[in-house]
Amino acid sequence: MVSSEQRRRQLAREKYERQMQRRAEAASARKRRNTILGAALAVVVLAGGGGLFAGGAFSSDDKDKSSSAASTPQAAPSQGDPTKADPAAAPTRKPVEGCAAPAPGSPNGKQFKAEPAMSVDQGASYTMALDTNCGKVTVALDAAKAPHTVNSFNFLAGEQYFDHTKCHRLTTDGIFVLQCGDPTAKGSGGPGYQFADENLTGATYPAGTVAMANAGPGTNGSQFFLVYKDTQLPPNYTPFGKITGGLDVVQKIAAAGTLEGAGDGHPMADVTLNSVTVSKG
């Protein structure tokens with residue numbers, strides 16, 4: 001017969017064993033959580049490094065978007081600001097010669113449900129004028145080789161979509177581009193629709209090229225980049241125009257460097273598109 005003291009000891013031992021089991025289970029659960037968290041953080045780090053230009057190498061969104069990005073080169077044009085810099089914590093801008101205060105106003109933020117119907121004449125010539133606070137840049141648009149892209153720019157310019165938007169990204173190391181066209185200035189904005197890539201066969205990006213930023217194949221929106229120095233990129237970004245005037249304006253902006261002092265960041269010049277127009281002929 002089991003004595004009361006033996007029974008007490010047995011109950012205490014069982015209680016201790018149950019406590020040890022619960023502690024072991026809790027430790028195992030913590031280990032699993034930490035493993036999962038570590039893997040998730042690794043994915044975030046890799047995604048942040050890979051989606052350098054927010055929707056592609058020159059990306060347009062942390063929908064990416066950052067989406068965004070082509071892995072070659074390291075800092076390609078994507079829809080999405082690869083710097084992930086906090087504007088509130090950014091250093092103070094310094095004056096850049098030739099750049100004035102932006103015109104009063106703010107982006108209208110319009111959104112559209114679908115790509116606009118084709119209205120451009122593929123046999124005609126179109127010119128886009130970027131009136132920036134640092135000078136004017138004119139671009140000859142290639143409606144023959146990139147009709148949907150030119151059609152979209154013609155439509156958005158007519159809606160004053162680009163007016164008062166900032167050029168949010170400058171790269172001065174590895175690739176040499178100024179990225180614009182995002183009304184949010186964060187690298188994740190777009191017009192609400194996307195359209196297919198064009199003119200990629202044999203695409204190159206010499207100085208003066210104007211091409212689309214993206215978040216991967218078929219994700220063109222409104223973000224684009226101006227190449228101010230010959231740049232090596234994979235043929236993943238729709239070239240749709242050539243700078244015919246004002247390349248020196250973009251080069252001057254690039255020469256001032258980035259706000260962060262790195263080779264990839266926000267332009268030191270507070271570059272703003274006061275207005276953007278597209279004209280035929």
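What you see is a predicted model; the values in this text were computed from it and never measured. (Residues numbered from 1 in each chain as written. Predicted model: local features only at pLDDT ≥ 70, side-chain atom pairs only at ≥ 80, totals over all residues. Heavy atoms only, no water.)

(A) Spotlight on the side chain of Thr-149. In this fold, Thr-149 is placed in helix α2 (residues 147-158). With residues near it in sequence (within four places) discarded, Thr-149 still touches Phe-195, Glu-198, Met-212, Thr-238 and Phe-240. (Helix = DSSP H or I, 4+ residues; strand = E, 2+ residues; numbered from the N terminus. Contact = heavy atoms within 4.5 Å.)

(B) Layout of empty space enclosed by the protein. In this model, the largest cavity occupies a volume close to 40 Å³. What lines the largest cavity is Leu-130, Thr-132, Val-137, Cys-167, Leu-178, Cys-180, Leu-226, Val-249, Val-250, Ile-253, Val-271 and Leu-273. For the lining of the largest cavity, the elements supplying multiple residues, two or more each, are β3 (126-132), β7 (177-180) and α3 (247-255). A class-by-class count of the residues in the lining of the largest cavity yields 11 nonpolar, 1 polar and no charged. (1 Å grid on protein atoms, 1.4 Å probe; cavity = no way out; pocket = protein on both sides within 12 Å on 5 of 7 lines; lining within 4 Å. Points joined across faces, edges and corners; volume = space filled by probe spheres on them. Nonpolar A, V, L, I, M, F, W, Y, C, P; charged D, E, K, R; others polar.)

(C) Layout of the pairing of strand β10 (residues 239-245). Pairing geometry for strand β4 (residues 135-141) and β10, over 4 bridges, is antiparallel. Across the sheet, Leu-141 pairs through a bridge with Gly-241, a residue of β10. As paired strands, strand β8 (residues 209-212) and β10 are joined by 3 bridges and run antiparallel to one another. The residue bridging Val-210 from the neighbouring strand is Gly-241, located in β10. (Pairing = 2+ DSSP bridges.)

(D) Region of interest: the nonpolar core. Core analysis: the largest hydrophobic core is formed by 44 residues, its most contacted members being Met-128, Phe-224 and Phe-240. Formed by 10 residues, the second largest nonpolar core is a distinct cluster that contains Tyr-205, Ala-211, Ala-213 and Tyr-237. (Core = buried A, V, L, I, M, F, W, Y, C linked by side-chain atoms within 4.5 Å. Buried < 20%, exposed > 50% of the residue type's maximum accessible area, 1.4 Å probe, protein only.)

(E) Structural detail: the layout of surface pockets. Estimates place the volume of the second largest pocket at around 170 Å³. Top element by residues in the lining of the second largest pocket is β10. It accounts for 4 residues.

(F) Up close: the pattern of salt bridges. Overall, the coordinates contain 4 salt bridges when judged by the stated rule. A salt bridge links Arg-169 to Asp-264, with the shortest nitrogen-to-oxygen separation between them at 2.5 Å. In this pair, Arg-169 sits in strand β6 (residues 169-171) while Asp-264 sits in strand β11 (residues 264-265), placing the two residues 95 residues apart along the sequence. What makes Asp-264 buried here is its relative accessible area of 19%. (Salt bridge = Lys/Arg side-chain N within 4 Å of Asp/Glu carboxyl O.)

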